[in-house]
Protein chains: 4
Amino acid sequence: MTDLKIASDVVAQENDRRATALKSDYEALGSTLARRGVDIEAVTKKVSEFFVAVPSWGVGTGGTRFARFPGSGEPRGIFDKLDDCSVINQLTQATPTVSLHIPWDKMDARELKAKGDSLGLGFDAMNSNTFSDAPGQAHSYKYGSLSHVDAATRAQAVEHNIECIEIGKALGSKALTVWIGDGSNFPGQSNFTKAFERYLASMADVYKALPDDWRIFSEHKMYEPAFYSTIVQDWGTNYLIAQTLGPKAFCLVDLGHHAPNTNIEMIVARLIQFEKLGGFHFNDSKYGDDDLDAGAIEPYRLFLVFNELVDAEYRSVKGFHPAHMIDQSHNVTDPIESLISSANEIRRAYAQALIVDRKALSGYQDTNDALMASETLKRAYRADVEPILAEARRRAGGAIDPVATYRASGYRKKVSAERPASAAGSGGII
Amino acid sequence: MTDLKIASDVVAQENDRRATALKSDYEALGSTLARRGVDIEAVTKKVSEFFVAVPSWGVGTGGTRFARFPGSGEPRGIFDKLDDCSVINQLTQATPTVSLHIPWDKMDARELKAKGDSLGLGFDAMNSNTFSDAPGQAHSYKYGSLSHVDAATRAQAVEHNIECIEIGKALGSKALTVWIGDGSNFPGQSNFTKAFERYLASMADVYKALPDDWRIFSEHKMYEPAFYSTIVQDWGTNYLIAQTLGPKAFCLVDLGHHAPNTNIEMIVARLIQFEKLGGFHFNDSKYGDDDLDAGAIEPYRLFLVFNELVDAEYRSVKGFHPAHMIDQSHNVTDPIESLISSANEIRRAYAQALIVDRKALSGYQDTNDALMASETLKRAYRADVEPILAEARRRAGGAIDPVATYRASGYRKKVSAERPASAAGSGGII
Amino acid sequence: MTDLKIASDVVAQENDRRATALKSDYEALGSTLARRGVDIEAVTKKVSEFFVAVPSWGVGTGGTRFARFPGSGEPRGIFDKLDDCSVINQLTQATPTVSLHIPWDKMDARELKAKGDSLGLGFDAMNSNTFSDAPGQAHSYKYGSLSHVDAATRAQAVEHNIECIEIGKALGSKALTVWIGDGSNFPGQSNFTKAFERYLASMADVYKALPDDWRIFSEHKMYEPAFYSTIVQDWGTNYLIAQTLGPKAFCLVDLGHHAPNTNIEMIVARLIQFEKLGGFHFNDSKYGDDDLDAGAIEPYRLFLVFNELVDAEYRSVKGFHPAHMIDQSHNVTDPIESLISSANEIRRAYAQALIVDRKALSGYQDTNDALMASETLKRAYRADVEPILAEARRRAGGAIDPVATYRASGYRKKVSAERPASAAGSGGII
Amino acid sequence: MTDLKIASDVVAQENDRRATALKSDYEALGSTLARRGVDIEAVTKKVSEFFVAVPSWGVGTGGTRFARFPGSGEPRGIFDKLDDCSVINQLTQATPTVSLHIPWDKMDARELKAKGDSLGLGFDAMNSNTFSDAPGQAHSYKYGSLSHVDAATRAQAVEHNIECIEIGKALGSKALTVWIGDGSNFPGQSNFTKAFERYLASMADVYKALPDDWRIFSEHKMYEPAFYSTIVQDWGTNYLIAQTLGPKAFCLVDLGHHAPNTNIEMIVARLIQFEKLGGFHFNDSKYGDDDLDAGAIEPYRLFLVFNELVDAEYRSVKGFHPAHMIDQSHNVTDPIESLISSANEIRRAYAQALIVDRKALSGYQDTNDALMASETLKRAYRADVEPILAEARRRAGGAIDPVATYRASGYRKKVSAERPASAAGSGGII
């Protein structure tokens, strides 16, 4: 029996207060959609079956190189983190899995598995970390990891990734996500070609250790922490990696890792077409890798990404099953609230994409009717599908209004009393 | 009596087909909004009173430096343009004024006025042109106009602006918009300081000729047609101009004229606070001054701009009456359709901003509740206010679905038969 | 015997005035370089053997969508253009080939060849044009060319490319450059996947017609003339094209066609590593595809690109022979002067890259000595290699100071008298 | 007598090895410049009198939000920092002052002053810190400081700034630099107008405490640590601040704090023209506030900034005396080496700007000779002025090759033995 962190009656009470309004809104939306030939029940069902993984590190308060301002009741370790993650899933019924980060979440795998089981949580992709040094580590990653000039450092980084696979196997995970910070801060510091050769060789070693039913995701990023060049700087390089490694290697797209003005949905389409889209790290951004809440800044962009995903489903693309994960930094909000909200925004974009009239769209595309093609997307995007999302949550046992219900539950206050405050941080940098 | 270019019965027929659905949607939305404490009728009324000017040049097909691909039935001159503009206004009831461009639209002012009157159209801000050479012009603007090193060229540019004021006076216009392309393509080509001194002196001469009840708008732009420096490159310089010239001088914000990633709504807020916001050139963009249809690329950004405008109304900012104008280039659509659609999108953003719960928002801001503050804006933005827009049009005699009605009317086909095709263009540039 | 457009004695006279100073500077530089272990004669020899093609369209004055301000003495056709190109080559001895653009330069191939021969000019890559409509063309490219939804339009575009190959064969060209403007201005207007499938099929048809000793270059560009999506939007897509087409297909890099902040030299390195770098369109830019003179805005970036090219030579990369071509728009300068200057800047970057101490650099890279690695590049970049460039020109019969010599020759005045003025253009767009 | 951290004989020995080559290079450069009408001695003198302040925090190893990889021998406190700063000044003779950061460098002012005196170091602008929380602080800056919604938090931030002034008075400083991170991560989180009103009121309180012979510098930044809006987001807002506060308030320009593609030198020119340029934080950047070493990425941009400064001197702008300070984060180099190198790069840009032929430039500008105007700047920029910089150092008692001399001195090894290693950091954020 699942260990529920929010009392069921709190959820029930909060839902009761909103049930009538939801019913009315859901019916009105159903009528409107029916007039467009869309069956609201079919959409609600698909939305109910759409899930996104939560990152274990996302339930702690994030920070910048200038400072970290801790929140109250921050998780002290992976068990607290899993408790927090379970709250998100209990209320949204959209996040049944957690993505771990090694070594931050390292502990006995059986205990982890048991804890996850007790909370009704499974484990998504494993994340390795060779962008910071762990205490006692033999070789520093200051000048790189998988692409380091020194063979021993590369071997250590390879070993760490293999260890992540081992832990993941015990937990039921089926994928390894590799994001590294390797790069350079000065022209000349690194030889682009030799460094990439070393990277590919290291990744090939990791790939060899990958079980047959696993996938390995490489993640591109334009810059940061390296500020002149980054070894996996864009999807072009990322594609070369996946292609070089083999059929279990795929590209991961983090929405905040691109150059200004980049058309990200087009990259998604290309990777689908060439069978190398592994999945997503969802978040939103205005300037760089801002790691803001999904849909907070440019919600239409998130919709356009989902438009590609639903289009691929519609075209029955073979072997298409991208992984969905949130990757955000919650600096000024309660992380649980941000993750609840973000899971909803991601489902919202999916729901909107589901109600696009694809047959009409295709017709407009074939006749170069740019205006009506655009309008067809925007009509779907304009629909306020919140009643669908709320109804999907309600039916699955979640909350009609999950943030309000979370606040009503007093969960944060309770854990704040149990968990001592963590220290504020200061980067010592201007 | 107004000369209607679309037969009234076409509009009536098309509206009849959609009246029942609209009634149903409008009522459902009314109920939902009422639950949030928003009176739909008050919103519909405000939307009905919101207008945006159409640019005379916008009804022709645009192009790029690489090519222009003409549409059919393109206007042959300002009278055709006004006919086209009247169609937009007839169907949307949102665009009762036209913004002229001199010398492109130059002709006898009384005839112009009479033509406008016959179509029920007034005249918005006048636009001068010193970014291209008119046939027979004494001095070329190749190396600048109001900031040119040569006094005679500057004087010619000043004279042209004064002429625009004179024409505008006869037409009932109350504002002059000055956008120039002056700048440089090479470091060193222009002395930034001396050029700006010359610019300010020229503008002071234009300002002297401005009637007391007029406003002069200067427009900033990051780049293009100059590709290294532009004399009014951003709102900082634009503000300095308005401040230097005097109380009738204001800054015009074109949404596509900023650096990548710029927070435009914040610029709008600053200009309002310092009493120098003159108005807008609405459009949308992904890369630069793309001049795409308003709301086509990043609709949330458009909403956030209107959020500032409605907030200023809410705070009863003194003397606040920004001018609204569309400025787009329609390269692949029927320009009339794009302008209809854009006028709707602009009203949509306004309507969404009107239903923001400003009291709640203010409360969240005062308690640093970032998540709920964001959610408050997004809740308003998520509302599908199309029924409000449609009802506002219907009540004013416009079309419930103006694009569909326009297509049903056969207007484009009719004018295509009357107006000979114009030539395709090729820039001869790669 | 070559038909020289600048009298030899003008060149001789101008060189005489500068010979002593050059000798002194060359010797001083030689001493400095010798102290670093660099043989100036070896560098001068390599520079003398480095050539870059001039684009036929580059000798006309360019413009923007807002206006084109013609220069005096603009070429009336391809023969005038070749005359102008020959002046550039005569003075710089760096540009012995011209890159043609069809249909702009279309005429009898034998006559073209004879004219080139008389001027001592050869023909570089052929450029097709399906981004604008030629008079009398059956199908418009308004909505695309090689990726158009309509098969007949695609076939026409394929045919045009094959025609370019045919002309090129007669002229001695060995490459076809394909740059297209296909894309979309609205989300939804185009289905990314289907459009790219059509593009690849069309290109495969062109590829079939390619002689065995030819190469085909596809060129990526982020945006413009399409402003939401572009079919070959970046090097990732470009690589997929070259890989899909086959061993004669390569990627062309135009320095101005990337997203803001992109590390272009890294893209160059990746394409070299994966054996798909076809060559370059050289120019400089600050904002977008500004097509400014090479080295005018960010000369260090140009150097860093050449650093990759020289590094590849140094590593003896197999089959490495990128094509070099200038592609600029000269809006405010005499195009001949800009092309002279740009050819020099390109050679300058090459010369600076040649004097990088690659052994020391490699050592610093292997020891993570970022500061000295950077300093090693900058020390080479800081060297004022103008004496090497001037000496290379002088020895080959060119001008020590080619712009001054050009001005002294009175060439522009002479052709201005012969060639009637072309019209100013105005885009009719704001 | 100054406490020299590098033994004089080490400097002398190292200089001796390079004296002959320097003499030769200096004379050759002198001849070349003389031919252009430039007196090398005059330039060397001006360069000798140009100084730039070093930031106390710059001598520690920087980091990112992902990790900090410490160097060896990192300073344990302000005394160690001052020792390190003195090494930079000893070898470059270009950095006689240090800019302190409170509270990081807080200690008894008399002791600080005495320590500085012993090392021959003075104190430049004071830097306050309200972007991170100090231990024991009553009110957190998590949601802002000078613009916080809470009056007590604002008062605390004002008090802290006044304290910085007090400390600075005791140290002989004459300026306060205020950079804050206030802003928001979500649309709606902050009311732009009210927040800026609060900021201006707080700054007015700080301004009141400013001695008559002091200046206050406000610093703009596009983003980070706030990722949606930043209160002093650009120079436009920065200008409004300086203007609102009064004649002792000026704008500080950090070269890395602008939107992509921004023409920074133009902003510098505008601020000079409107008498509000306070000074600089020098560094270089490719993507954002990368805080890389000055001149490492785009050296021509640094030159163009200095071109404006020298132009202002040339035009004898009244009251023109900008403050020069380095602000960098040294993540992968020995910070002392990076600061030595950066001080040289800044002087290099100044020297190059000094040898611009301003009379010729002005003439080209007045005749719209864009090509020769550009060439005039580039000719000066191309000059390898390293012999001037080296000679200026040598004559003042510094090192001809300061990095090599520093390495030869064994300083880092010595302090590494004395100073225990500091901990690596990990942000716990992806």
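Values in this document were obtained by computation on a predicted structure and should not be read as measured data. Starting from 1, residues in each chain are numbered consecutively following that chain's sequence as written. Throughout, the order in which chains and ligands are written sets their labels, letters from A for the former and numbers from 1 for the latter. Whole-chain, interface and lining totals are the exception, using all residues; otherwise, since this is a predicted model, local features are given only for residues with pLDDT of at least 70 and side-chain atom pairs are given and counted only at 80 or more. Note that the side-chain values use all heavy atoms of the structure and ignore hydrogens as well as water.

## Quick look at the overall build of chain A
No. 1: Runs of E in the DSSP output that reach at least two residues are strands. Runs of H or I that reach at least four are helices, and both are numbered from the N terminus. Of regular secondary structure, chain A possesses 15 helices and 13 strands.
No. 2: Every radius of gyration here is taken over C-alpha atoms, with the globule rule written as 2.2 Å times N^0.38, N being the number of residues. Over its C-alpha atoms chain A spans a radius of gyration of 22 Å, differing by no more than 12% from the 22 Å that the globule rule assigns to 430 residues.
No. 3: In terms of principal-axis extent, the alpha carbons of chain A reach across some 65 × 60 × 45 Å.
No. 4: Whether two residues touch is decided by their heavy atoms; if any such pair falls within 4.5 Å, the residues are in contact. Taking all contacts inside chain A whose residues are at least 6 apart in sequence as the whole, residues at least 24 apart take part in 78%.

## A short note on the side chain of S147 of chain B
No. 1: Note on placement: S147 of chain B falls in the loop between β5 (126–127) and α5 (151–171).
No. 2: Not counting residues up to four positions away in its chain, the partners in contact with S147 of chain B are R154, D182, A195, R198, Y199 and I231 of chain B.

## Side note on the UniProt feature "domain: Xylose isomerase-like TIM barrel" (unreviewed entry) in chain A
No. 1: The UniProt feature table records "domain: Xylose isomerase-like TIM barrel" (unreviewed entry) at residues 100–291 of chain A.
No. 2: The annotated region residues 100–291 of chain A carries 36% helix and 15% strand content, and the separation between its end C-alpha atoms amounts to 18 Å. UniProt positions are given in the numbering used here, feature names are shortened, and annotations may be inferred rather than shown by experiment.

## With respect to the relation of the copies chain D and chain A
No. 1: For the pair chain D and chain A, the best superposition has an RMSD of 0.0 Å and corresponds to a rotation of 180 degrees with a translation of 0.0 Å parallel to the axis. A rotation of that kind, with that shift, is consistent with a two-fold axis. Using C-alpha coordinates, one finds that chain D approaches the rotation axis most closely at R65 of chain D, a distance of 2.1 Å. C-alpha atoms of residues with pLDDT of at least 70 in both copies form the basis for the least-squares superposition of the copies.

## Observations regarding the relation of the copies chain A and chain C
A rotation about some axis, followed by a shift along it, carries one copy of the chain onto the other.
No. 1: Superposing chain A onto chain C requires a rotation of 180 degrees together with a translation of 0.0 Å along the rotation axis, leaving an RMSD of 0.0 Å.
No. 2: Comparing contact sets, 100% of the residues at the interface of chain A also lie at the interface in chain C, consistent with an isologous, same-surface contact.

## What to know about the interface of chain D and chain A
No. 1: With 53 residues of chain D at the contact, the number on the chain A side is 53 residues.
No. 2: Each reported salt bridge corresponds to a side-chain nitrogen of Lys or Arg within 4 Å of a carboxyl oxygen of Asp or Glu. Taken together, chain D and chain A are joined by six salt bridges.
No. 3: Salt-bridge contacts for D291 of chain A lead to R65 of chain D; the nearest nitrogen and oxygen are separated by 3.1 Å.
No. 4: Any pair of N or O atoms that falls within 3.5 Å is considered a polar contact. Within protein, one atom must be able to donate a hydrogen and the other to accept it, and sequence-neighbouring residues count only if both atoms are side-chain atoms. At the surface where chain D touches chain A, the tally comes to 14 residue pairs in polar contact (both at pLDDT 80 or more).
No. 5: Three classes are used, and their members are as follows: Ala, Val, Leu, Ile, Met, Phe, Trp, Tyr, Cys and Pro are nonpolar, Asp, Glu, Lys and Arg are charged, and the others, Gly among them, are polar. Residues belonging to the side of chain D that touches chain A are distributed by class as follows: 25 nonpolar, 17 polar and 11 charged.

## Focus on the packing of aromatic side chains
No. 1: Put simply, two rings from Phe, Tyr or Trp (the six-membered ring, in Trp's case) pair if the centres are within 6.5 Å, and we call them stacked under 30 degrees between planes, edge-to-face over 60, tilted for the rest. Within this structure, the stated rule accounts for 78 aromatic pairs over all chains.
No. 2: For the ring pair Y300 of chain C and F303 of chain C, a centre distance of 5.6 Å and an interplane angle of 15 degrees mean the geometry is stacked. Highlighted residues: Y300 of chain C and F303 of chain C, both in helix α9 (residues 299–314), separated by three residues, approximately one helical turn.
No. 3: On the basis of relative accessible area, Y300 of chain C is assigned to the buried category, the value being 1%.
No. 4: Accessibility here uses a 1.4 Å probe with only protein chains present; expressed as a share of the type maximum, an area under 20% marks a residue as buried, one over 50% as exposed, and anything in between as partly exposed. Classification of F303 of chain C as buried rests on a relative accessible area of 0%.
No. 5: Pairing F280 of chain D with F282 of chain D gives two aromatic rings, centres 5.1 Å apart and planes at 10 degrees, and the pair type is stacked. Take F280 of chain D and F282 of chain D: they sit in the same class, and that class is buried.
No. 6: By the criterion adopted, a ring carries a charge over it if an Arg CZ or a Lys NZ lies within 6 Å of its centre and within 35 degrees of its normal. It is K248 of chain A that lies over the ring of Y207 of chain A; its NZ or CZ is 5.2 Å from the centre.
No. 7: In this structure, K276 of chain C packs its charged tip against the face of F250 of chain C, placed 5.3 Å from the ring centre.

## A short note on the pattern of salt bridges
No. 1: Across all of its chains, the model carries 176 salt bridges over all chains by this definition.
No. 2: Where R301 of chain A meets D284 of chain A, a salt bridge forms, and the shortest distance between an N and an O atom there is 3.0 Å. Pair noted here: R301 of chain A is in helix α9 (residues 299–314) and D284 of chain A is in the loop between β11 (277–282) and α9, with a separation of 17 residues, a long-range link.
No. 3: A relative accessible area of 3% places D284 of chain A in the buried class.
No. 4: Between D289 of chain B and R65 of chain C there is a salt bridge; the shortest N-O distance is 2.9 Å. With one member in each of two chains, D289 of chain B in the loop between β11 (277–282) and α9 (299–314) and R65 of chain C in the loop between β1 (54–55) and β2 (67–68) form a pair that bridges those chains. In terms of burial, D289 of chain B and R65 of chain C fall into one category: buried.
No. 5: The network of salt bridges with shared partners includes E345, R348, E386 and R393 of chain A together with E375, K378, R379 and R382 of chain B.

## Quick word on the environment of F282 of chain B
Residues and elements named next belong to chain B.
No. 1: Tracing the backbone through its elements, the reader meets F282 in strand β11.
No. 2: By relative accessible area, which is 0% here, F282 ends up buried.
No. 3: A sequence separation of 11 residues divides F282 from D293, and the C-alpha atoms of the two residues are 8.3 Å apart.
No. 4: If near-sequence neighbours (up to four positions away) are discounted, F282 is found in contact with V52, L255, L302, F306, H324, M325, I326, D327, Q328 and I346.

## Quick notes on the interface of chain A and chain C
Many authors give the size of an interface as the accessible area that is lost as the parts come together.
No. 1: Contact with chain A, which involves 55 residues of that partner, is made by 55 residues of chain C.
No. 2: A combined buried area of about 4,700 Å² lies between chain A and chain C, and 58% of that area is made up of carbon and sulfur atoms.
No. 3: Here's the idea: put two parts together, see how much 1.4 Å probe accessible area each one loses, and the total over both is what we call buried area. Together, F192, R270 and N368 of chain A form the three largest contributors to the area buried by chain A at its contact with chain C, with a combined 13%.
No. 4: Run the count over chain A and chain C and you get zero salt bridges.
No. 5: Remark: the boundary between chain A and chain C carries 17 residue pairs in polar contact (both at pLDDT 80 or more).

## A look at the sheet that holds strand β10 (residues 249–254) of chain D
Residues and elements named next belong to chain D.
No. 1: Pairing within the open sheet is parallel, and its six strands lie in the order β5-β6-β8-β10-β11-β12. Strands with a single pairing partner mark the edges of an open sheet, and in this sheet they are β5 (126–127) and β12 (323–326).
No. 2: Two strands qualify as a pair provided that DSSP identifies no fewer than 2 bridges between them. Pairing of strand β6 (residues 175–178) with strand β8 (residues 215–219), which is carried by four bridges, proceeds in the parallel orientation. Across the sheet, the residue bridging to A175 is R215, located in β8.
No. 3: Axes here refer to lines fitted to C-alpha atoms; in helices the fit is confined to the stretch in contact. Angles between the N-to-C directions go from 0 to 180 degrees. Its contacts with the sheet place helix α8 (residues 264–273) against β10 and β11 (277–282), and it is angled at close to 155 degrees to β11.

## Focus on helix α11 (residues 358–366) of chain A
Residue and element names in this part refer to chain A.
No. 1: Within the span of α11, buried status applies to R358, L361 and Q365. Each buried residue of α11 sits inside an arc of 55 degrees when the element is viewed along its axis, so together they form one side.
No. 2: At its buried positions, α11 is contacted by α9, α10 (335–354) and α12 (370–382). Directions pointing from the helix axis toward each C-beta atom define the arc.

## Here's the deal with unusual backbone geometry
No. 1: Put simply, E224 of chain A and P225 of chain A share a cis peptide bond, and its omega is 15 degrees.
No. 2: With respect to the element layout, P225 of chain A can be found in the loop between β8 (215–219) and β9 (229–230).
No. 3: The peptide bond linking I102 of chain D to P103 of chain D adopts the cis configuration, its omega dihedral lying at 15 degrees.
No. 4: Positionally, P103 of chain D belongs in the loop between β3 (97–99) and α4 (109–119).
No. 5: A positive phi angle is found at E224 of chain D, which is not glycine, with a value near 75 degrees.
No. 6: Relative to the helices and strands, E224 of chain D is located in the loop between β8 and β9 (229–230).
No. 7: You will see that E275 of chain D, though not glycine, has its phi angle at about 60 degrees, which is positive.
No. 8: As for its position among the elements, E275 of chain D is in the loop between α8 and β11.

## Comments concerning the sheet that holds strand β12 (residues 323–326) of chain B
Whether parallel or antiparallel, the strands of a sheet pair through hydrogen bonds between backbone atoms.
Residue and element names in this part refer to chain B.
No. 1: Taking strand neighbours across the sheet as the criterion, the six strands line up as β5-β6-β8-β10-β11-β12 in an open arrangement whose pairing is parallel. Taken across any chain shown, the strands that pair with only one partner, and hence form the sheet edges, are β5 and β12.
No. 2: In this structure, strand β8 (residues 215–219) lies alongside strand β10 (residues 249–254), joined through four bridges in parallel fashion. Bridging across to β10, S218 finds its partner in C251.

## Focus on helix α10 (residues 335–354) of chain D
Residue and element names in this part refer to chain D.
No. 1: For α10, with 20 residues, the first-to-last C-alpha span of 28 Å sits near the 28 Å given by 1.5 Å per residue.
No. 2: The element α10 is largely enclosed, with a buried count of 20 among its 20 residues.
No. 3: For α10, the N-terminal capping position is held by D334, with its side-chain oxygen 2.9 Å away from the main-chain nitrogen of I336. Take the residue count of a helix, subtract one, and multiply by 1.5 Å to get its expected span.

## Some words on the confidence of the model for chain A
Residue and element names in this part refer to chain A.
No. 1: When pLDDT is averaged along chain A, the result is 96, and 98% of the positions lie at 70 or above.
No. 2: Confidence of the predictor in every single residue is expressed as pLDDT, which spans 0 to 100. Between residues 426–430, whose pLDDT stays under 50, and residues either more than four places distant or in other chains, the model counts 25 contacts.
No. 3: Both scores are available for the predicted complex, with the pTM at 0.98 and the ipTM at 0.97.

## Quick look at the pairing of β8 of chain A
No. 1: The element β8 of chain A is extensively covered by neighbouring structure, given that five of its five residues are classed as buried.
No. 2: Of the two faces of β8 of chain A, the one holding R215, F217 and E219 of chain A and the one holding I216 and S218 of chain A are both buried throughout.

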